[in-house]
Every structure is written in structure tokens, then in C-alpha cells.
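Each chain, written out:
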Amino acid sequence: DAQLCAQVFKDALLLTTERVFVRIQLSGRHFRTEDRDRRLLGLLTRHGLPAHRLRIEVTGRALLENPPDVKRTLQTLRAHGISVALDDFGTGYSSLAYLRRVPFDTLKIDRAFVNELMTSVDTRAIVQMISQLAVTLNMRTVAEGVESAMQLAAVSSVGCDEVQGFLVSPACAIMRVNIETFVKEGSQFILVMFIVLVLITYLPPLVAWLPPRLMGP
């Protein structure tokens, strides 16, 4: 897990925009690891990824195993600028009690609600209630599984702050970028485009200037 995190942090630094975040979901197994918060913060420092670009996601199930220890860990991470989200809120083991006991910045609304948002009045009311609850608690909301423009309009109309799903981007493999190769290939591309531009600009006048006999029958 540490090697995977390190690789993800390195790849994230290739994306210079501050609006790109790294999301990592922690399970109960991760919280059983000794000094997991210190080790994660150490990876951030080692690879130079700003803490505010990392978002930790936990499920209600992960919170069941050792609530006091999980709470302490998440408080430590938040104190260093890392955002914490409660995943799949409204289903499974999620509970309103967690919002009182554990520090969260974001509620992720499960895709099951998004799928029924346009066909069920009750579901729409529930999602709207979650959005209003998040505002009251100074949290943000993320709607999961948004796959169409109609779903995007629906979740926006009930107050969701962000969306996640195929409409935004399908799942992508991590791509390593070789900077030296990029620069080399980029330079070659610029040279070729320069030659093409010169030909387009000067070739027609040159052809018109040539004597007719040189142009063939």
C-alpha cells in the first residue's frame, strides 16, 4: 500500500493544476496499522505533495472496528490539511452518529440515490436533506455515479457541490510521463510544424514565380 501511495503521489505532481486531488480510501485494515497517520504524512513530505491535495475516504464499516482510534487518526490528518470524506453515506453501515463523533469535511452520496433521483420523490427529498445537513455542518457533498447530463442537473438542483462518475471521466490507468521523451518529441513536433508553416506561406508564391516551362506541360 505504501508503494502504491508513493507512486500515486509522484504521478499527481505531474499535474500542475491545484484543482486535481488524490483520493485514497482507507479500510479497517489500514487503521489497524501502527502509526498509519505518521507514515502517510511522511509519504506526502517525501514526495512533495501538498496535504490539501489529498482526500481520505472512509466507509461506515471501517469506523465500526475501533471508533476512538479512527477518530484520533482522522483528527491528526485533518490538522495537517488533509480532507476527510464519509463514503457511501446513506447506505450500509453509515450513521448520523458518525457525523457527531468523527471529523468529516465531505459526505459522499451513494450512487443508489443518484440512480433514483429522477424517478422517486422520496429519494429526491432524502438527497436534498443530506445536502442541507452538510451545509449546516459546514461540509461539502459529492454525488457518486453521475453518468448523464440529466443526472448532473438533478443532483445540482438538490444542492450537491461536486459529482463523481463517467460523465466527468471514466476510470483511467495511471500514466507515467517521461519528461525527457516528452521534451524531445515536443521539439521534433515544433520543428515539423515550423517547416509546414514555411511551406504553406512561401510555396504558392514561389510556384507562381517559376517560368511556365519549368512547370511541365
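On a predicted model such as this, the values are computed, not experimentally measured, just so you know.

Structural notes on the overall build of the chain
Thinking step 1. Within the chain one finds 10 helices and six strands.
Thinking step 2. Within the chain, buried positions represent 35% of all 217 residues.
Thinking step 3. Taking contacts inside the chain between residues at least 6 apart in sequence as the whole, the part at least 24 apart equals 63%.
Thinking step 4. As presented, the chain carries roughly 13900 Å² of accessible surface, and 61% of it is formed by carbon and sulfur atoms.

Looking at the confidence of the model for the chain
In low-pLDDT segments, the atomic positions of the prediction should not be examined closely.
Thinking step 1. Taken over all residues, the pLDDT of the chain has a mean of 76, while the share at 70 or more is 68%.
Thinking step 2. The low-confidence segment residues 176-194 (pLDDT under 50) makes four contacts with residues lying over four places distant or belonging to another chain.

Section: the pairing of strand S1 (residues 22-26)
Thinking step 1. Burial of the side chains of S1 is restricted to one face: Val-22, Ile-24 and Leu-26 are buried, whereas none of Arg-23 and Gln-25 on the reverse face is.
Thinking step 2. Bridge count for S1 against strand S2 (residues 54-58) is five bridges, and the pairing is parallel. Its bridge partner lying in S2, Ile-24 is registered against Ile-56.

Remarks on the sheet that holds strand S6 (residues 162-164)
Thinking step 1. Spatial ordering of the open sheet is given by S1-S2-S3-S4-S5-S6, a layout of six strands whose pairing is parallel. Every interior strand has two partners, whereas the edge strands, S1 and S6, have only one. Neighbouring strand axes in the sheet, compared pairwise and without regard to direction, differ in orientation by 30° on average.

Some points on the side chain of Thr-73
Thinking step 1. Assignment of secondary structure puts Thr-73 in helix H5 (residues 67-79).
Thinking step 2. Every residue in contact with Thr-73, bar those within four places of it in the chain, is listed here: Phe-31, Arg-36 and Asp-37.

With respect to the side chain of Thr-123
Thinking step 1. For Thr-123, the location among the structural elements is in helix H8 (residues 121-136).
Thinking step 2. Sequence-distant contacts of Thr-123, that is, excluding residues within four places in its chain, are made with Phe-113, Glu-116 and Leu-117.

Quick look at the pairing of strand S3 (residues 83-89)
Thinking step 1. Among the seven residues of S3, six are classified as buried, and the element is accordingly described as predominantly covered.
Thinking step 2. Sheet topology places S2 next to S3; four bridges connect them, and they run parallel. Bridge assignment links Glu-57 to a residue of S3, and that residue is Ala-85.

Some remarks on the packing of helix H3 (residues 36-47) against H5
Thinking step 1. Two numbers describe how H3 lies on H5: the axes approach to 9 Å, and their chain directions differ by 25°. Considered as vectors, H3 and H5 are oriented roughly parallel to each other. Viewed along their axes, H3 and H5 form a crossing whose handedness is right-handed. Contact residues: H3 offers Arg-36, Asp-37, Leu-40 and Leu-41, while H5 offers Asp-69, Arg-72, Thr-73, Thr-76 and Leu-77.
Thinking step 2. For the contact of H3 with H5, the class distribution of residues is three nonpolar, two polar and four charged.

Criteria and cut-off values
- Residues numbered from 1 in each chain as written.
- Predicted model: local features only at pLDDT ≥ 70, side-chain atom pairs only at ≥ 80, totals over all residues.
- Heavy atoms only, no water.
- Helix = DSSP H or I, 4+ residues; strand = E, 2+ residues; numbered from the N terminus.
- Buried < 20%, exposed > 50% of the residue type's maximum accessible area, 1.4 Å probe, protein only.
- Contact = heavy atoms within 4.5 Å.
- Areas by Shrake-Rupley, 256 points an atom, 1.4 Å probe, with all protein chains shown as cover.
- pLDDT = per-residue confidence, 0-100.
- Pairing = 2+ DSSP bridges.
- Axes fitted to C-alpha atoms, helices over the stretch in contact; angles between N-to-C directions.
- Parallel < 35°, antiparallel > 145°, perpendicular 65-115°, else oblique.
- Left-handed = near helix turned anticlockwise from the far one by under 90°.
- Nonpolar A, V, L, I, M, F, W, Y, C, P; charged D, E, K, R; others polar.

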